[in-house]
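A closer look at the structure
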Amino acid sequence: MHRCDSAGFAIRLDDLRYKIGGRAVLDGITLHSSARRIGVVGRNGSGKSTLARLLAGLLAPTSGRIRIAGHDVFRDRRAALATVGILFQNPDHQIIFPRVGEEIAFGLRQQGLDKAQAAAGVQAVLHSFGKPHWQDAPVSVLSQGQKHLVCMMAVLAMRPQLLILDEPYAGLDIPTRRQLARHLHRIPARLLHISHDPADLAQSDQLYWLERGRIIAQGPPETLLPAFTAEMVRLGDLDDIADLPG
Ligand SMILES: Nc1ncnc2c1ncn2[C@@H]1O[C@H](COP(=O)(O)OP(=O)(O)O)[C@@H](O)[C@H]1O
Ligand SMILES: [Mg+2]
């Protein structure tokens, strides 16, 4: 648990850019934070998922720099696997094995644990979530919320210092959201939660507003979320839904 309390843990992004086909999806992001719960709010297409993938080291920046706890997460995959975990919106894009235990073991094996160590890690995380009987359960019989929980257990088994949440609650009903949120509240990892929904981010210690690949505002949720909501309502009153990206 104390691992993530290590002094000096920080996310440092410097003039981070990511282009696809010449178009800037992220257009010069500078963000330095050691807050425990960071929120990033932004509407559809603002670049949130691209940022999440860059932070997890799954994409290479076009230019600029990312350091998570001092690690270059794209270049140093080993450090990335030990440092950053990510939960995506759709668990079907994350889960690759037919059984729960195999799915959880996979990440641990990637981290270099041998079979016996990985099996022990699987048992430990299933126990800590009160789900030891899920070990051999086929993923195909699980509900969407249960699949989310499998992803969460798989990622947390790897003991990341930072957990990135890319709208993991979108599309889930309220009881499922509340249960997943309860699990997240008791984990030791730092959280970077990305969402278009202000309700997900009210508990953030530090909040950033992403718009067209740039951070256009930052501040505490009490001031930033009302401003974001007001702007979303204003945009909703316009008719720009047909505009194509330029
Ligand atoms: N692989 C890709 N190919 C082409 N365009 C992409 C790709 N990934 C993202 N984009 C574009 O980049 C922009 C930001 O996407 P994304 O990061 O998914 O935003 P968000 O998660 O905020 O909705 C969108 O306009 C999207 O269409
Ligand atoms: Mg997204």
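Residues numbered from 1 in each chain as written. Chains lettered and ligands numbered in written order. Predicted model: local features only at pLDDT ≥ 70, side-chain atom pairs only at ≥ 80, totals over all residues. Heavy atoms only, no water.

Pairing within the open sheet is antiparallel, and its three strands lie in the order S2-S1-S4. Only two strands of the sheet have a single neighbouring strand rather than two, namely strand S2 (23–33) and strand S4 (63–68). Direction aside, neighbouring strands of the sheet carry axes that sit 20° apart on average. As judged from the eight bridges shared by strand S1 (residues 11–20) and S2, these two strands associate in the antiparallel manner. Residue pairing in the sheet places Tyr18 in a bridge with Leu26 of S2. This element, helix H1 (residues 48–55), spans S1, S2 and S4 of the sheet and lies at about 120° to S1. (Pairing = 2+ DSSP bridges. Helix = DSSP H or I, 4+ residues; strand = E, 2+ residues; numbered from the N terminus. Axes fitted to C-alpha atoms, helices over the stretch in contact; angles between N-to-C directions. Contact = heavy atoms within 4.5 Å.)

Position of Val40 relative to the elements: it lies in strand S3 (residues 37–41). Setting aside chain neighbours within four positions, we find Val40 in contact with Leu51, Leu192, His193, Ile194, Ser195, Leu201, Leu207, Tyr208 and Leu210.

Take the UniProt feature "domain: ABC transporter" (unreviewed entry) in the protein next. Those places that UniProt annotates as "domain: ABC transporter" (unreviewed entry) correspond, in this numbering, to residues 11–237. The straight-line gap between the two end C-alpha atoms of residues 11–237 is 36 Å; of that span, 36% is helix and 26% is strand. (UniProt positions renumbered as here; feature names shortened; annotations may be inferred.)

Inspection of the entire model under this criterion finds 12 salt bridges. Residue Arg17 pairs with Asp27 through a salt bridge whose shortest N-O separation is 3.1 Å. Within this pair, whereas Arg17 is found in strand S1, its partner Asp27 is found in strand S2, the two being separated by 10 residues in sequence. Using a relative accessible area of 27% as the deciding quantity, one classes Arg17 as partly exposed. Salt bridges sharing partners connect three or more residues here, namely Asp15, Arg17, Asp27 and Arg214. (Salt bridge = Lys/Arg side-chain N within 4 Å of Asp/Glu carboxyl O. Buried < 20%, exposed > 50% of the residue type's maximum accessible area, 1.4 Å probe, protein only.)

Taken together, six strands build an open sheet; the order of strands is S5-S6-S7-S3-S8-S9 and the sheet is mixed. The outermost strands of the open sheet, each flanked by one partner alone, are strand S5 (84–87) and strand S9 (214–219). On average, each strand axis in the sheet is inclined to that of its neighbour by 20°, with strand direction left out of account. Contacting S5 and strand S6 (162–166), helix H5 (residues 144–157) runs over the sheet at an angle of about 175° to S5.

The immediate surroundings of ligand 1 are formed by Ile20, Arg23, Val25, Arg43, Asn44, Gly45, Ser46, Gly47, Lys48, Ser49 and Thr50. Arg23 places a side-chain nitrogen or oxygen 2.8 Å from an oxygen atom of ligand 1. Between Ser46 and ligand 1, the recorded distance is 3.2 Å, taken from a backbone N or O atom to an oxygen atom. Contact with the protein chains covers 56% of the free accessible surface of ligand 1, which is 560 Å². Residue assignment for the shell around ligand 1 shows that the elements contributing at least two residues are S2 and H1. Ranked by the residues each element gives to the shell around ligand 1, the list is headed by H1, at three residues. The residue makeup of the shell around ligand 1, split by class, is two nonpolar, six polar and three charged. (Near = heavy atom within 4 Å. Polar contact = N/O pair within 3.5 Å; in protein donor to acceptor, adjacent residues only side chain to side chain. Areas by Shrake-Rupley, 256 points an atom, 1.4 Å probe, with all protein chains shown as cover. Nonpolar A, V, L, I, M, F, W, Y, C, P; charged D, E, K, R; others polar.)

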